[in-house]
2 protein chains.
Amino acid sequence: MIPRFSKRFERDSSGLESLFTLSEKKDAISFAGGYPAEELFPKEELDAAFLKRSELTDNSVYQYSSALGYEPLRAKIRTYAKRNGIDCEIENIMITQGAQQGINFLADLFLDVGDGMAVEAPTYIGALEAFAARSPEFYEIEMQDDGLNLDQLEEVCKHHQLKMLYTVPNFQNPTGICMSLAKRKRLAKMASQYDFLVIEDDPYRELRYEGVGLPSIKAFDMSGNVVTLGSCSKILSPALRTGWLIADETLMNALKNLRLASDCNPSSVVGQMIDEYLEDNDINEHIEEINDLYRDRRDAMIEGLKRYLPEECDFTEPLGGFFIWLELPEDVVAQEILDNYGDVTFIESSTLFPVSHRRNCMRLNFTGVNDEEIEEGCRRLGDAIKETLYERISVK
Amino acid sequence: MIPRFSKRFERDSSGLESLFTLSEKKDAISFAGGYPAEELFPKEELDAAFLKRSELTDNSVYQYSSALGYEPLRAKIRTYAKRNGIDCEIENIMITQGAQQGINFLADLFLDVGDGMAVEAPTYIGALEAFAARSPEFYEIEMQDDGLNLDQLEEVCKHHQLKMLYTVPNFQNPTGICMSLAKRKRLAKMASQYDFLVIEDDPYRELRYEGVGLPSIKAFDMSGNVVTLGSCSKILSPALRTGWLIADETLMNALKNLRLASDCNPSSVVGQMIDEYLEDNDINEHIEEINDLYRDRRDAMIEGLKRYLPEECDFTEPLGGFFIWLELPEDVVAQEILDNYGDVTFIESSTLFPVSHRRNCMRLNFTGVNDEEIEEGCRRLGDAIKETLYERISVK
């Protein structure tokens, strides 16, 4: 008989797996995924970058490398970070296997059982999974139109020792909401004042369909209490498994050791390839192309939802990112709609609220579906919700 | 102020970092590394494999993929595993970021504070780091000429609840010792009998310079108590960050969830590249080339040690792998030789014994140095040891 799993993994299994399964369900239209649109990957340019760099490098490119990752790529990330108000050295930047690895490293480095862990409510399921494996005490902080409710957070800080807060400040997963400038400044200050760490997870920043971007929360961090995560997954390709983590020195020293014991170092072959891609191409042009397509899809989904959903529904109209958040009347259970209909899929909300497990909301993805699918999916969703509401009323 | 690290990371920092630093020390000859010889990387063939596969694939190669990794590559690993006596399905194989990630996953999945964790004494520092982060109770099991002392292990099992045992059965890191067939069979049986998990870490298996290979420990596992890890790092390239983990169903289901929360999935771009390399090349021919060079280097180092070391020294003569293990008289401190001389570097032993911290041994790597460096390094090492012994005697 195999031994028991550690206490961390005795709990019920992951919501993440169902997320991946749902995205692949046959015959259904999937609003469940969080995948970028495949047709936009710059495959030709990435392949060419690999080829070109392979001619410029010797065997050392296939050797072990530093725990922080390929230095010239980190230098480019430093320049990019500066544009967002973050002034750091390349020693403060670690290349990670996607931003997910950064989240997991920070959870591992900081969280003991019972530690105070604040999250936006709702929040990103992948982050929750990484935190939950360390059994912290979760605090849900309500989302408002301009980002998380800092008054509520401050109340928590006054009554409990908070260790970390996790936030997606731009086009939040799953609500699509952006945090205001005033809140970014106040949050950085609060982190310093109450000695907690802010994980600023920022994979959607560049996917802005209107308006202009705001500085990172880390831009206002004077005490090293904010760590910023970024990712190539949404602007280049998820298969590159390349993200980054920006942290101050003390923290980075600890993270380097943790990295060596986790998976040694990131691939320098991939690092070189991305570096060459950035040398030879204007990534901002590429991002504009992405945004042109996603803007249309967002518009199509908002239009579809307005057309087909009953008026009892409420949904966000995000300025960028991947997701629309849909709230149904409080006594409707989104999972039941999924079970009863299933010809359109989405992420139901209970796994996205670690404490309240609210069940009446849905995360809808608009970037991985085309216009026809969006139209038809919204129609199916509207019908399913109407039938559910109607039945509910008639049962009463 | 940033919050305190978790209890797991409050301890003294890593021996791993010094390992990487030592390997890069200027002007010294390094026997400290664990790097493969760069000149052997099949760069041209790997680059060509990428190029060829890039012509055969569409954009989907740049998308997120399954947590287990690229399926055709797993099918090839399955065939390879079968040759070593392991009969498994591709669903039992997970591609990992090097074998290190597999070690770390298993440590994470199983170890609670105080759990019984048996390791070979001495053992691989990178594995120790991953285990130590979960604060288990370590048990050192002595290494004999034919692998770890199973009578001693059985005594531990009778008096303590052991959760895991970590072993490198072929050309062990750091001693170079192979486990006998009889011990492999007995260990698999003991794991089942005493309900502990065996981590069989097997990255050096193919680097055999004489004799024939033995079946995996997992070949004798009837109860799912053995997990085998393999790696491309030593036979192809470490920069591919590609290893694998073979486990039975229950365990693999848990590992899939853990993987999703850790870094989602391995890169399918890299997976495709390795798969194409294996289609187009005879990797066994490549391994023969590696072994021809490493065999010469091993012979050169054994010869050098015999020539220059005083008779008070004892060292292993491994049949394969990367390392020779050198034992000095019990009251000699290897670290002092490193501090006092330093023109030849090695891994001193205290960090490789998690309980006894024996200080009088050295791990010597022979694969990353050429014949001249080996000759000169052995001379320097011999001089340093003689001077140390002589001084010690004269002080007495």
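Definitions and cut-offs
- Residues numbered from 1 in each chain as written.
- Chains lettered and ligands numbered in written order.
- Predicted model: local features only at pLDDT ≥ 70, side-chain atom pairs only at ≥ 80, totals over all residues.
- Heavy atoms only, no water.
- UniProt positions renumbered as here; feature names shortened; annotations may be inferred.
- Helix = DSSP H or I, 4+ residues; strand = E, 2+ residues; numbered from the N terminus.
- Least-squares fit on C-alpha atoms with pLDDT ≥ 70 in both.
- Contact = heavy atoms within 4.5 Å.
- Buried < 20%, exposed > 50% of the residue type's maximum accessible area, 1.4 Å probe, protein only.
- Buried area = accessible area lost by both parts, 1.4 Å probe.
- Salt bridge = Lys/Arg side-chain N within 4 Å of Asp/Glu carboxyl O.
- Polar contact = N/O pair within 3.5 Å; in protein donor to acceptor, adjacent residues only side chain to side chain.
- Nonpolar A, V, L, I, M, F, W, Y, C, P; charged D, E, K, R; others polar.
- Pairing = 2+ DSSP bridges.
- Right-handed = clockwise from strand over helix to strand, strands pointing away.

As annotated in an unreviewed UniProt entry, chain A carries the name HTH containing DNA-binding domain and MocR-like aminotransferase and comes from Ligilactobacillus ruminis. Under the UniProt heading Sequence similarities (unreviewed entry), the entry covering chain A gives this text: "Belongs to the class-I pyridoxal-phosphate-dependent aminotransferase family."

Engineer: Could you clarify how one ought to interpret unusual backbone geometry in this entry?
Structural biologist: Note: most peptide bonds trans; most residues except glycine with negative phi. Each neighbour pair has its own omega, and for Asn173 of chain A with Pro174 of chain A the value is 15 degrees, a cis peptide bond. With respect to the secondary-structure elements, Pro174 of chain A resides in the loop between β6 (162-167) and α7 (181-194). The backbone phi angle of Cys264 of chain B is positive, close to 70 degrees, even though this residue is not glycine. The phi torsion at His357 of chain B lies on the positive side, around 50 degrees, for a residue other than glycine. Positionally, His357 of chain B belongs in the loop between β13 (347-348) and β14 (361-365).

Engineer: Sorry if this is basic, but what is going on with the relation of the copies chain A and chain B here?
Structural biologist: The operation relating the two chain copies consists of a rotation about an axis and a shift along that axis. Between chain A and chain B, the superposition needs a rotation of 180 degrees and an axial shift of 0.0 Å, giving an RMSD of 0.0 Å. Look at the turn and shift together and you get a two-fold axis relating the two. Minimal C-alpha distance to the rotation axis in chain A is attained by Leu51 of chain A, lying at 3.6 Å. When the interface residues of chain A are mapped onto chain B, 100% of them are again interface residues, pointing to one common binding face.

Engineer: Please clarify how the side chain of Thr367 of chain B should be interpreted in this entry.
Structural biologist: Residues and elements named next belong to chain B. Mapped onto the elements, Thr367 comes out in the loop between β14 and α12 (371-395). The exposure class of Thr367 is buried, given its relative accessible area of 0%. Once you skip the residues sitting within four places of it in the chain, Thr367 turns out to touch Tyr35, Ala37, Tyr294, Arg297, Gly321 and Phe322.

Engineer: Help me understand the interface of chain A and chain B, please; the structure alone is not making it clear to me.
Structural biologist: Counting from both sides, the interface comprises 80 residues of chain A and, opposite them, 80 residues of chain B. Both faces combined, the contact of chain A with chain B buries some 7,000 Å², and carbon together with sulfur accounts for 58% of it. Taken as a group, Lys43, Tyr62 and Tyr64 of chain A account for 12% of the area that chain A buries against chain B, more than any other trio of residues on that side. Where chain A touches chain B, the interface holds 2 salt bridges. Inspection of the chain A/chain B interface yields 42 residue pairs in polar contact (both at pLDDT 80 or more). Of all the elements in the fold, those that place two or more residues in the side of chain A that touches chain B are α1 (15-23), α2 (43-56), α4 (98-110), α5 (125-132), α8 (249-263) and α9 (268-280) of chain A. In terms of residues, the side of chain A that touches chain B owes the most to one element, α8 of chain A, which gives 9 residues. Split into classes, the residues belonging to the side of chain A that touches chain B amount to 37 nonpolar, 25 polar and 18 charged.

Engineer: I'm lost on the pairing of strand β4 (residues 137-144) of chain B in this one. Help?
Structural biologist: The side chains of a regular strand alternate between both faces of the sheet. Residue and element names in this part refer to chain B. Where strand β3 (residues 116-121) meets β4, 6 bridges bridge the pair, whose relative direction is parallel. Along β4, the bridge assignment pairs Ala121 with Glu142. Handedness of the crossover is the feature at issue here: the chain leaves β3, passes through helix α5 (residues 125-132), returns alongside β4, and the resulting connection is right-handed. Bridge count for β4 against strand β5 (residues 147-148) is 2 bridges, and the pairing is antiparallel. Directly across from Met143, in β5, lies its bridge partner Leu148. Between β4 and β5, which follow one another and run antiparallel, lie 2 residues.

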